[in-house]
Amino acid sequence: MKIRELVRRDHLVYCYADEPIECAVAKMYASNVGSVVVVDRTGSPVGIITERDIVRLLAEEVDFKTPLERVARKNLVTASPDDTVIATAAKMIEKNIRHIPVVEGGRVIGVVSIRDVLRALVTAEAFP
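Read on for a plain summary of the structure.

Parameters and conventions
Residues numbered from 1 in each chain as written. Predicted model: local features only at pLDDT ≥ 70, side-chain atom pairs only at ≥ 80, totals over all residues. Heavy atoms only, no water. Helix = DSSP H or I, 4+ residues; strand = E, 2+ residues; numbered from the N terminus. Buried < 20%, exposed > 50% of the residue type's maximum accessible area, 1.4 Å probe, protein only. Contact = heavy atoms within 4.5 Å. Phe/Tyr/Trp six-rings, centres within 6.5 Å; stacked < 30°, edge-to-face > 60°. Lys NZ or Arg CZ within 6 Å of the ring centre and 35° of its normal. Salt bridge = Lys/Arg side-chain N within 4 Å of Asp/Glu carboxyl O. Arc of directions from axis to C-beta.

Turning our eyes to something else, we now look at the environment of Val-33. Mapped onto the secondary structure, Val-33 falls in the loop between helix H1 (21-31) and strand E2 (35-39). Among the residues examined, Val-33 registers a relative accessible area of 22% and is labelled partly exposed. Separated by 18 residues in sequence, Val-33 and Glu-51 have C-alpha atoms that sit 8.8 Å apart. If we skip the residues at most four places from it in the chain, Val-33 touches His-11, Val-13, Lys-27, Met-28 and Glu-51.

Right, dumping it as structure tokens:
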């Protein structure tokens, strides 16, 4: 199974790099997701911020008006739509991440969570 089968292209949650942390928090809450892709004004991915990051920022008492470009993780680990679910799961385990942006042609087309990957693997095992 390919990662493209897990991507919901109609549900990409993102904020611009110059927007504040509170943008990411509001969008995570409103969309019931655990991460927000951070993009520049051309739409190119520049980072990601996750629930774990928000907890860390709260603990560090960072002002939530701070622009995302100052706090987002910039060493973005990505998947391709043509990657297999198994290869993506291995990458997520190796990098200790729970959300992976799927990039095609330099643009993020979606985010796959560890839950999405697990669901696909369990479904494939239960219903071969």
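Attention shifts here to the packing of aromatic side chains. All chains considered together, the criterion is met by one aromatic pair. Ring centres of Tyr-14 and Tyr-16 lie 5.7 Å apart, and the angle between their planes is 80°; on these two criteria the pair is classed as edge-to-face. One cation-aromatic arrangement involves Lys-27 over Tyr-14; the distance from NZ or CZ to the ring centre is 5.3 Å.

What follows covers the pattern of salt bridges. Enumeration over the complete set of coordinates arrives at seven salt bridges. Across the salt bridge formed by Arg-4 and Asp-82, the nearest N and O atoms sit 2.5 Å from each other. Taken together, the residues Arg-4 in the segment before strand E1 (14-16) and Asp-82 in the loop between helix H2 (51-59) and helix H3 (85-95) connect sequence positions 78 residues apart. Relative accessible area serves as the criterion here: at 34%, Arg-4 is assigned to the partly exposed category. According to the relative accessible area criterion, Asp-82 is partly exposed, its value standing at 44%. For Arg-41, the salt bridge identified is with Asp-18, shortest N-O distance 2.9 Å. A residue pair is termed long-range when its members are at least 10 positions apart, and Arg-41 in the loop between E2 and strand E3 (45-50) and Asp-18 in the loop between E1 and H1 qualify at 23 residues.

Quick look at unusual backbone geometry now. Phi is positive for Asn-32, which is not a glycine, with a value near 55°. Locating Asn-32 in the fold gives a position in the loop between H1 and E2. The phi angle at Asn-96 is positive, at roughly 55°, despite the residue not being glycine. Exposure remark for Asn-96: the relative accessible area of 55% places this residue in the exposed category.

Taken together, the buried positions of H3 are Val-85, Thr-88, Ala-89 and Met-92. What you see down the axis of H3 is that its buried residues fit within an arc of 100°, all on one side. Exposed side of H3, more than 90 degrees from the buried face: Ile-86 and Glu-94 are the residues found there. Phi turns positive, to about 55°, at Asn-96, one or two residues after H3.

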